[in-house]
Amino acid sequence: MNPPELAPHGPGLYVHVPYCAGKCGYCAFHSRPLGLCPAREPERITEAALRRARSLAERFGVREFSTAYVGGGTPTALPSPVLMSLLSGMRDLAARGGFAEWTVEANPESLDPDTLGILGDAGVDRISLGFQGGQPDPLRRAGRNAGVTAGIRALETCASWGGRLSVDLMVGLPGQDPRGLEADIARAAAAGADHLSIYQLTVEEGTPLETAVREGAVRLPSEDEEAELWAAVREACGASGHLRYEVSSWARPGAECLHNRNYWKGGVWIGAGPSAVSSAPLPDGGTLRIQETRDHGEYLRDPEAFAEEERVPPGTAAFEIVMTAFRTREGLDSGAFRSRFGVSPEDLLPETLAKWKDLLESGPRGPAPSDRLLDVLNPFLLDCMSEMERRAAGIPHGPGGPL
Amino acid sequence: MRDPNHIRNFCIIAHIDHGKSTLADRFIQMAHIVDDRKFQNQMLDNMDIERERGITIKSQAVSIPYTASDGINYTLNLVDTPGHVDFSYEVSRAISSCEGAILLIDASQGVEAQTLSNMYMALEHDLEILPVINKIDMPAADVPGVRDQISHDLGLDGDEALAVSAKLGTGLPELFEALVRRFPPPRGSAEKPARALIFDSRYDPFRGVLVHIRVVDGRIRPGDRILLMNTGAVHEVEEVGFFRIELSKTEELAAGDVGYVVAGIKTVSDVRVGDTITNADVPAEEPLPGFREVKPVVFSSIYPMDTNDYDELKIAMEKLKLNDASLIYDKDNSVALGFGFRCGFLGLLHLEVVQERLEREFDQSIIMTAPSVRYKILLKNGQEIFVDNPSEYPDPGRIETAEEPFIKAQIITPVAYVGNLISLCVQKRGVQTSFTHLDEKRVEMIFEMPLAEVLFDFYDKLKSTSRGYASFDYDVIGYRPSELVKLDILINGKPVDALSQLVFKPGAYERARKVCERLQGAISRQQFKIAIQGAIGGTIIARETVNPLRKDVLAKCYGGDITRKRKLLEKQKEGKKRMKSVGDVDLPQEAFLAVLRTNEDEQ
Ligand SMILES: Nc1nc2c(ncn2[C@@H]2O[C@H](COP(=O)(O)OP(=O)(O)O)[C@@H](O)[C@H]2O)c(=O)[nH]1
Ligand code: SF4
Ligand SMILES: [Mg+2]
């Protein structure tokens, strides 16, 4: 079954808040424990991020943004006045009538009714809660900072929230129980989550979890155990009416995340705040990608000077679009692809599409993955990459993007 | 002018690990031709793999100036010889360029199989043999015992044997003196027409082929036109010289000298080890004796991992061939792997060395197919053919009889391991033909057995069964009747030609089961189920399954990590380059090795 068609949204505005209450053992995102930061740094960083957002918008020729997302880190960990002024600064960049979707990430230990009030008053209409799971031991062994009690309390708090709710859950925690995972999904649904981000715990380089796994102190589920966990996810999401519309995203119909969808379609977005990334198509079909520095000192001094700019060539950009579009059940937009790269995906990937035809479907605007393909996407993408490289000459200059 | 009476050409022969390379190092060091700081241990073994494995693969040569106690300056030409059975042809070439041989024997190991076989080879070439007992510094050294063995087992004078420690340098001054006194100067005359034996060649990217020669008669100078007598090629000499550690140019090489010739030779096939060089304008009547084509006994095909790299592999093979005269190859092609080369090797170690050199020195990513011996097949129509490539195996209905090569295996072992070694050889279809007590402790056994059985893990098992004490050597003795079948391996119903092998019929089920099991272990899960089957003719005799991949996808992708996700995929793709797609299935390089190593952990 194909999800209902959605109107495209963009450009998107992302602000990265690089602070958390503490650091989780598996986490490779850019964030620092708030307690270890110099006084007033969060305030100065968020102000710098706003200034930077405005200057990037100018450079990208964006007047107003249709979606916004505040991520991190933990935006809700910010002191209330700082959070309030960040939100009000962002609101000025919205289209008339406000953002079509405005999400703020929250973590259990910093989500109280007051914070929810601040978000609601500012116009935020969607919370993404890092619940991650309700089994104390598996969560603790993975190195999660927030405890389960706080998580459950936060879910209860959100039940009274009037806006949309997305809940994050991890699969593949050490010792995780499939029945417990089903219960977690049911609990999130009961709290009103119309959207679930359910993703595999990945062992990232340089994290304490990596060391623990390497030294045998933590044992991750085996392939069979993991398969059972994912079967439980399928079961529970089926029961709660959440459909998988992207590799790691489930939603009730109509509750898909518009902001993320713009990423997966290769649209225009601006990312402000340390480590954030901005992206926009270039006239040749390639992609301009700007990566902000992670260094807070540098960010405060001159974010422009310390940012890294990359011009992704058209062939590579085309692959990136294939890579992200096939993560969604919606699949590729062949027309948009052809007008950007001057060649249709069907002409660029005839062999791969034929080889994988049993796991492909026809989506609303082009080839799309079946649910099964979402689980084995990597080998499919590697085939795409090889075939696209072979036909790289097939990508002439496209008619161009907004720059 | 050098006086041939002041030249000594000699080699060191020994069972593997008895200390040839170490002794060669000491020679060079004591002769002070190498700066001590520049000195690398085992200078003559200048290939990485040799140094890593501690074995000598290529024979090499070096000239050492030495002032003896009689006050005369001698030139000692040392040729280091390979120590493994696979390379006995190289040993013979090296030996035939010398007048004397140091027969090195480990003081704690005593006489071993290759000590004997190398000594016989030296005697065949009329070399003067100087027995030397090495490693006398070891606590387990038994010098009197080894002297007895030398007298008793070798028929040489054990009391005259020198006792040295190559490692510490003990006894070496005496050894230098002894080889000047004991070894005869080169025979031959500088006034006769030139004759020089090619005993090695090496490719130099700037100068072309560097030909290693021993001049027997006459002289060779720059400007001479030389004729390679067996191949008929003619070239003009550009440079001649001696082997110091670096090449040292000289005006001429004359009778008795060991050195090199550069003659603008660009074609590999012009240089055959064992061939004779003469002067094209004043040619000798007869070439030197002993030239023969190297006879490979093990065959396998080499394919590039990426079919597009065939040309590159071809160049690498040509260059390798220059350094390795015993490597023989021909163009081959496979449905599964595309174009490649069918290669003949002197043995399994030689095969592994070639594989490693292609990968390390020439940076080639290759696949090797299961090694095979060369079978002799008599067809019903009376025609006799030789088959070493399963793809050329005729339809069984056309075959009258099949024969396989047999070897005479010589094993010397302490008495304690006799029982286990006999069972090992019997299990390998060996038939014992002799059993001799060398002394109270050691036994020599001779078996006749199929070469094919020795190819797979025999040597490792021999070593583990005897805790490393048994030694082994073999000679191919000819063909014997066999029962042969072609075992095909099918992946998802399609036969993969590169995985086929010719096997002894009564062992075919067992082999098929093992190969399938190992392939199952080597092939990683893919999006669909993979069936691995072993078949003879149309009949499936073994089967294994690789279950489909359950999950292979990168979790969570947001706007900030598209580059990172793409790079992760690019890395995966790099990893996949080590894979070969056969039909829709990706076979890792190890899958082909799995077939090769099929008997590894039997029992
Ligand atoms: N203790 C001792 N070890 C030695 C002596 N000569 C060689 N070795 C060691 O024996 C091993 C084999 O020596 P190598 O020269 O490679 O033997 P090859 O295989 O005959 O060339 C090496 O580990 C050497 O260090 C010696 O005189 N004394
Ligand atoms: S709360 Fe989230 S961003 Fe913060 S450290 Fe934990 S996982 Fe990382
Ligand atoms: Mg050696």
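Cut-offs and rules
Residues numbered from 1 in each chain as written. Chains lettered and ligands numbered in written order. Predicted model: local features only at pLDDT ≥ 70, side-chain atom pairs only at ≥ 80, totals over all residues. Helix = DSSP H or I, 4+ residues; strand = E, 2+ residues; numbered from the N terminus. Expected span 1.5 Å × (residues − 1). Buried ≥ 20, exposed ≤ 12 C-beta atoms within 10 Å, placed from the backbone. Arc of directions from axis to C-beta. Contact = placed C-beta atoms within 7 Å. Pairing = 2+ DSSP bridges. Axes fitted to C-alpha atoms, helices over the stretch in contact; angles between N-to-C directions. pLDDT = per-residue confidence, 0-100. Nonpolar A, V, L, I, M, F, W, Y, C, P; charged D, E, K, R; others polar.

Draft legend 1. Here's a closer look at helix α5 (residues 143-154) of chain B. Residue and element names in this part refer to chain B. Compared with an ideal rise of 1.5 Å per residue, which puts twelve residues at 16 Å, α5 spans 15 Å between its outermost C-alpha atoms and is within 8% of the ideal. Taken as a whole, α5 has its buried residues at Val146, Arg147, Gln149, Ile150 and Asp153. The arc that holds every buried residue of α5, seen down its axis, measures 160°, which confines them to one face. Packed against the buried residues of α5 are β4 (100-106) and β5 (128-134). Phi turns positive, to about 70°, at Gly155, one or two residues after α5.

Draft legend 2. Examining the sheet that holds strand β12 (residues 239-243) of chain B more closely. Residue and element names in this part refer to chain B. Spatial ordering of the open sheet is given by β11-β10-β16-β7-β8-β15-β12-β13, a layout of eight strands whose pairing is antiparallel. Each edge of the open sheet carries a strand with a single partner, namely β11 (234-236) and β13 (247-250). Averaged over all adjacent pairs, the angle separating strand axes in this sheet is 40°, with direction ignored. When strand β10 (residues 225-228) meets β11, the two strands line up antiparallel, connected through three bridges. Within the sheet, the bridge partner assigned to Ile226 lies in β11 and is His235. Docked against the sheet, helix α7 (residues 310-323) engages β7 (195-204) and β8 (208-217), running at close to 145° with respect to β7.

Draft legend 3. Up close: the sheet that holds strand β20 (residues 366-368) of chain B. Residue and element names in this part refer to chain B. Judged by pairing direction, the sheet is antiparallel, and its four strands sit side by side in the order β18-β19-β17-β20 without closing on themselves. Where the open sheet ends on each side, the last strands, each with one partner, are β18 (328-334) and β20. Averaged over all pairs of adjacent strands, the angle between their axes in this sheet comes to 30°, without regard to strand direction. Here seven bridges tie β18 to strand β19 (residues 338-345), and the two strands are oriented antiparallel to one another. By the bridge assignment, Asp332 is partnered in β19 with Gly340. Lying over the sheet, α7 contacts β17 (298-304), β18, β19 and β20, oriented at roughly 20° with respect to β19. Strands in contact with helix α8 (residues 348-360) are β17, β19 and β20; relative to β20, the strand with the most contacts, it is inclined by about 165°.

Draft legend 4. Inspection of the confidence of the model for chain A at higher detail. In the predicted model, chain A carries a mean pLDDT of 92, and the fraction of residues at 70 or more is 95%. Every residue in residues 397-403 of chain A scores below 50 in pLDDT, and together they form 24 contacts with partners more than four places removed in sequence or on other chains.

Draft legend 5. Geometry of the interface of chain B and chain A. Taken residue by residue, the interface counts 23 residues in chain B and 35 residues in chain A. Across the side of chain B that touches chain A, the residue classes break down as eight nonpolar, six polar and nine charged.

Draft legend 6. Local environment of helix α5 (residues 148-159) of chain A. Helix length check: α5(A) (twelve residues) gives 17 Å between terminal C-alpha atoms against 16 Å at 1.5 Å per residue, within 8%. Buried residues along α5(A) sit against β6 (126-132), α4 (136-142), β7 (164-171) and α6 (178-190) of chain A.

Draft legend 7. View of the pairing of β8(B). Residues and elements named next belong to chain B. Extensive coverage of β8 is indicated by the burial of nine of its ten residues. Pairing between β7 and β8: nine bridges, direction antiparallel. Considered in β8, the bridge of Asp200 is made with His212.

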